[in-house]
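# Chain and residue survey
Take a look at the letters that make up each chain.
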Amino acid sequence: MKRSYRKPIFYTLVSLAAFYLIIQLFSNPGGLFTSLLLIVGGATVFYLIFRYFIQGKIGAKTDARYSKAVKQSKKKYAATGSTKPTISPITSSRDRASSKPSKPAVPKRKAPSHLTVIEGKKGKKKNRAFF
């Protein structure tokens, strides 16, 4: 069931506001611009206060948690992923010409141990009583 009476009320309020602005523009333009500047200035001050004080505290908590998790993950898994195989240099040019250059052994990559599989409920039927 839609509430259709809201639309005419909204249009009525907007038209009355526009009518008031037109009347103020012709009768008292200085007062109109002063009030518009006060409204815009108040909205700007409110926005800046919200942005720096309120939103900064909310964003700081999530960023701090994320940064902490990244540091822990790097500390835990940096030692295993940073090892590189060393290749022994060939000392004489005679040995290079007589034998084929051997390819360095590439170690197999193994899946990181910090990733886990979450089992789902694919086989179960949904209970339609809750929908």
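Residues numbered from 1 in each chain as written. Predicted model: local features only at pLDDT ≥ 70, side-chain atom pairs only at ≥ 80, totals over all residues. Heavy atoms only, no water.

## Comments concerning the overall build of the chain
Broken down by element type, the chain carries three helices and zero strands. When its helices and strands are written in sequence order, the chain yields α-α-α. Buried positions account for 2% of the 131 residues belonging to the chain. When the accessible area of the chain is evaluated, it comes to approximately 13800 Å², of which 65% is carbon and sulfur surface. (Helix = DSSP H or I, 4+ residues; strand = E, 2+ residues; numbered from the N terminus. Buried < 20%, exposed > 50% of the residue type's maximum accessible area, 1.4 Å probe, protein only. Areas by Shrake-Rupley, 256 points an atom, 1.4 Å probe, with all protein chains shown as cover.)

## What to know about the UniProt feature "transmembrane region" (unreviewed entry) in the chain
The residues that UniProt annotates with the feature "transmembrane region" (unreviewed entry) are residues 9–26 and 32–54. Spanning residues 9–26, this segment combines 100% helix with 0% strand, and its end C-alpha atoms are found 26 Å apart. Note that residues 32–54 is 100% helix and 0% strand, and that its end C-alpha atoms are spaced 32 Å apart. (UniProt positions renumbered as here; feature names shortened; annotations may be inferred.)

## Some points on a nonpolar patch on the surface
Together, Tyr-20, Leu-21, Ile-22, Leu-25, Phe-26, Phe-33, Leu-36 and Ile-39 line one region of the surface with nonpolar side chains, adding up to about 850 Å² of accessible area. Those elements that provide at least two residues to the nonpolar patch are helix H1 (6–27) and helix H2 (29–81). The element best represented in the nonpolar patch is H1, accounting for five residues. Inspection of the secondary structure assignment puts Tyr-20 in helix H1. (Patch = residues over 30% accessible without salt bridge, like charges linked within 9 Å, V, L, I, M, F, W, Y side chains within 5 Å. Salt bridge = Lys/Arg side-chain N within 4 Å of Asp/Glu carboxyl O.)

## Let's talk about the side chain of Gln-24
Along the chain, Gln-24 turns up in helix H1. In this view, Gln-24 contacts Pro-29 and Leu-32; residues no more than four positions away in its chain are not counted. (Contact = heavy atoms within 4.5 Å.)

## Let's talk about the confidence of the model for the chain
Across the chain, the average pLDDT comes to 76, with 63% of residues at 70 or higher. Confidence, expressed as mean pLDDT per element, reaches its minimum in the chain at helix H3 (residues 93–98) with 52 and its maximum at H1 with 92. (pLDDT = per-residue confidence, 0-100.)

## A word on the environment of Leu-21
Along the polypeptide, Leu-21 turns up in helix H1. Linking Leu-21 and Leu-32, residues 11 residues apart in sequence, is a C-alpha distance of 7.6 Å.

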